[in-house]
Each structure stands twice: as structure tokens, then as C-alpha cells.
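# Close look at the chain arrangement
Letter by letter, the chains look like this.
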Amino acid sequence: MAPARSAHNGAMRNLLTWFLFCAVVVSGQVTKTKWAIAVHGGAGESEWQHMDRATEAAYQASLSRALSEGAATLSHGGKALDAVEAAIKVLEDDPLFSAGRGSAFNDQGKNEMDASIMDGSTLAAGSVAGVCCTKNPISAARAVMERSPYVMIAGPGADQFAVKQGLAQMPASYFFTEMRWQELVGVLKQSGKPIPARPPGVPKEPKSAIQIGASAGHFGTVGVVARDVRGNLSAGTSTGGMQGKAPGRVGDSPVIGAGTYAANKSCAVSSTGVGEYFIRLAVAKEICSLVEYKGMSIAEAARFVIEHEVASLKGGEGGVIVLDQKSEAVWSFNTLGMFRARQAEGGAAEVRVVGK
Ligand code: ASP
């Protein structure tokens, strides 16, 4: 198509979208297009067995920050996709979570991070797996979706792609946290594996105290689902993966349909837990399919998949956050706890660190 013609068509499309949006607003259907968002910061067991007040307050503050970043985008008329990316970046930059800075390590002491994002309005999706150095893996996933013909790019090629897209790269010392390293040491000792050397650029000796919640079995993946005022859904997930994993192991987080799924006609889902089970059950898509084809509510579908399907497989544990076109957000998990938060237009923010 000639460039002038395609620019004209693009302008007409934008004008039409704007007219449709105004028509919805003017016809008084604003309440039907409420924005909503939900955030998770991982699900697990041992973290919640020893949760003290300081740890609880720290997670509470971090989740609130991410929620309000996403809510601010949505309340200003921003896209669900932008809200998902913005809120996940807050959590990736926060060393408390195992995503971006603060990520878990493989059994060689290296970071291999995974992330994915999906646009429910077009079913476009993008993901990266095994990135070592990209500061915000969720932005790399979005770049794969919007600026490549692919859905997933893995390994060194994914970091190289991120570099070409102008995304910030960081040394291993940036991603390192003492808390997560001590967690790795615990996991490797338990399985009788050798302890690798500490990454270059970090202090040779452990700092005096592990700051918050060091305990094997803690997950810490992050995820966000959002709905914007245009009625578009989006979902995204980012993780350092399972602590002490084999090099090259890829979990559910970058797998579209397992860790992340969004479709305007059903729902948006982000998962966390032992990824192998979530891949085998295609958890995120399974929930959306139950909503679409069986007419289940998102609460019923999420509960069925987590408490029945995932829990019925030995070792299957984790949780999901789910959002639908009614701007309702639900969560379901079969672990002791899950870091989670939600807010819908006109309502108060709800942030939950402990309790079911
Ligand atoms: N699902 C992630 C993985 O298997 C881990 C997590 O959610 O904490 O890599």
C-alpha cells in the first residue's frame, strides 16, 4: 500500500476509534467500561510460615506502589497494556520480588529471567526466556510482541534483541540480592549440589543479615492483569524462575497460555507457582476457555483449575489472578499465601499479604 494512502487509512481508523469511544461515553455506558487492575507478587509456603510484621509491611508497600502505578495509567485513560507493563516494571525494579532485580538464580549462580505479555484485544503476544542482563524483561517481551514477527525469543538472542531495541542492560551485580542468594545456597545444600561462586562485582562475603524472608520454597514471580476504559484486557508475568533451576530450564511465565493469557471475549490471567504443572495444564488458557465455553464465572474457573486440576497433580502448587469484562478481579491459590492486590474504578485499593 502507498505510504500516503496507509497514513490516511490510519488517521481514519484513529478518528473512528475516537468517535466510537465518545459514543460509548455520551450514551451513558461509562459504568460498563470501568477500568480495573490486579497484581500478584508470587505464591508460596514457607515465606508465610514465618512472616513477621516488618516483612509484611514491606511487601504491602511494594504491592501498593505497583497497584497505584497501574491504576494511575488506567485512570488517565491509558491502555491496559501500558498499565500492565508499568506495574510490572515497578515490581521488577523492587529487590523484594523474584523478577528483574532480586531474581532467583540457576544452579550455576546465574540469573535467567522469563517474561511475557498479551494484548486481549488482538491476541498479540510476546515473551522472552532466559535473559541474563535486560533490566526489565517485561519491556523486552512487549518489544517482541510489537517490534518482531515472533512470539518468543530465548537465550542470548533475547538479550541481543533487547539491546537492539534500546532497552537498558545491567551487570549481574545489579540483579543480585543477598536474600535470594542465601535462598539459593539453602536449596542447593538441600539437594546436595555444589555451591557456585558469588557473581562478579558483589561482596565476597555475605552481608551480616539476610534482610527479608529468606526461605527455600519462596516463589516471588510477579504478574498483572488489567482492563482499560475501552474494554481491552491485558496480562503480563515476569520471573527469575524456580530457585536453583538447571541452566536453560524455562517455566510457565513466558509460555503464552500457561503463565499468561488475555482475550477480550473471556478474561486475563497471570499465574505463579511450580511452572511445570502450569505448562502441562495450560492453566491461563484453560481458565479463559472455561469462562468462554462453559460459561463459568472467573471465580469458579480459577478455583476449579487451581484447587482441582493443579492440586490433583502431585507437587502442583501455585495461584492465579484473573480479571474479566465486568472489571471483577479474583485470585485463587492452593499455597499457604500469595502476595496480591486489586482495585477497580471507583473502589478502594485492596492489598493482601497474609490470609486467604
Ligand atoms: N512459575 C515460575 C516458574 O516456574 C515460578 C514462580 O511463579 O515463582 O518459573
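The structure reproduced in this document is the subject of the present report. This one's a predicted model, so the numbers in the text were calculated from it and none came from an experiment.

Turning our eyes to something else, we now look at the overall build of the chain. A count of helices and strands for the chain gives 11 helices and 12 strands. If you take every contact in the chain between residues at least 6 apart in sequence, the share linking residues at least 24 apart comes to 69%. For the chain, the accessible surface area stands at approximately 15,000 Å², while carbon and sulfur atoms represent 57% of it.

Before going further, it helps to examine helix α3 (residues 53–75). Between the first and last C-alpha of α3 there are 32 Å, a value that for 23 residues agrees with the 33 Å anticipated at 1.5 Å per step. Among all positions in α3, only Thr-55, Tyr-59, Ser-62, Leu-63, Ala-66, Leu-67, Gly-70, Ala-71, Thr-73 and Leu-74 are buried. Sitting at the head of α3, Asp-52 places a side-chain oxygen 3.2 Å from the backbone nitrogen of Ala-54. Following α3 by one or two positions, Gly-77 has its phi on the positive side, about 85°.

Once that is clear, we can look at the pattern of salt bridges. Here the idea is simple: oppositely charged side chains can pair when their charged atoms come close. Under the definition given, this model contains 12 salt bridges. Here Arg-142 makes a salt bridge to Asp-82, at a shortest N to O gap of 2.7 Å. Taken together, the positions of Arg-142 in helix α5 (residues 137–147) and Asp-82 in helix α4 (residues 80–92) put the pair 60 residues apart, joining distant regions of the chain. Note on Arg-142: relative accessible area 9%, which makes it buried. For Asp-82, a relative accessible area of 29% translates into the label partly exposed. Connected via shared salt-bridge partners are Asp-82, Glu-85, Arg-142 and Glu-146.

Compared with the 18 Å implied by 1.5 Å per residue over 13 residues, the 18 Å span of α4 between its first and last C-alpha is a close match. For α4, the tally of buried residues reaches 11 of 13 residues, placing the bulk of the element in the interior. Those residues of α4 that sit buried are Ala-80, Leu-81, Ala-83, Val-84, Glu-85, Ala-86, Ala-87, Ile-88, Val-90, Leu-91 and Glu-92. Residues of α4 that are buried sit in contact with β1 (36–44), α3, β2 (113–119), α5, β5 (222–227) and β6 (233–239).

Neighbouring the ligand are the residues Phe-219, Thr-221, Gly-241, Met-242, Arg-249, Gly-251, Asp-252, Ser-253, Thr-272, Gly-273 and Gly-275. In the model, a nitrogen atom of the ligand is placed 2.7 Å from a nitrogen or oxygen of the Gly-273 main chain. Relative to its free-state accessible area of 270 Å², the ligand is covered by the protein chains to the extent of 100%. For the shell around the ligand, the per-class residue count stands at two nonpolar, seven polar and two charged.

Moving on: the pairing of β6. Across the seven residues of β6, seven count as buried, placing the element largely inside the fold. The alternating pattern of β6 places Leu-233, Ala-235, Thr-237 and Thr-239 and Ser-234, Gly-236 and Ser-238 on opposite faces, both of which are buried. Where β2 meets β6, six bridges bridge the pair, whose relative direction is antiparallel. For Ser-116, the partnering residue across the bridge sits in β6 and is Thr-237. Here β5 runs beside β6; their pairing, made up of six bridges, is antiparallel. Looking at β6, one finds that Gly-223 is bridged to Thr-237. Counting the residues between successive antiparallel strands, the hairpin from β5 to β6 contains five residues, one of them, Gly-231, with a positive phi of roughly 90°.

This paragraph deals with the environment of Gly-257. Within the secondary structure layout, Gly-257 lies in the loop between β6 and β7 (260–262). The exposure class of Gly-257 is buried, given its relative accessible area of 7%. Apart from the residues lying within four places of it in its own chain, the contact partners of Gly-257 are Ala-282, Val-283, Ala-284 and Lys-285.

Rules used throughout
- Residues numbered from 1 in each chain as written.
- Predicted model: local features only at pLDDT ≥ 70, side-chain atom pairs only at ≥ 80, totals over all residues.
- Heavy atoms only, no water.
- Helix = DSSP H or I, 4+ residues; strand = E, 2+ residues; numbered from the N terminus.
- Contact = heavy atoms within 4.5 Å.
- Areas by Shrake-Rupley, 256 points an atom, 1.4 Å probe, with all protein chains shown as cover.
- Expected span 1.5 Å × (residues − 1).
- Buried < 20%, exposed > 50% of the residue type's maximum accessible area, 1.4 Å probe, protein only.
- Polar contact = N/O pair within 3.5 Å; in protein donor to acceptor, adjacent residues only side chain to side chain.
- Salt bridge = Lys/Arg side-chain N within 4 Å of Asp/Glu carboxyl O.
- Near = heavy atom within 4 Å.
- Nonpolar A, V, L, I, M, F, W, Y, C, P; charged D, E, K, R; others polar.
- Pairing = 2+ DSSP bridges.

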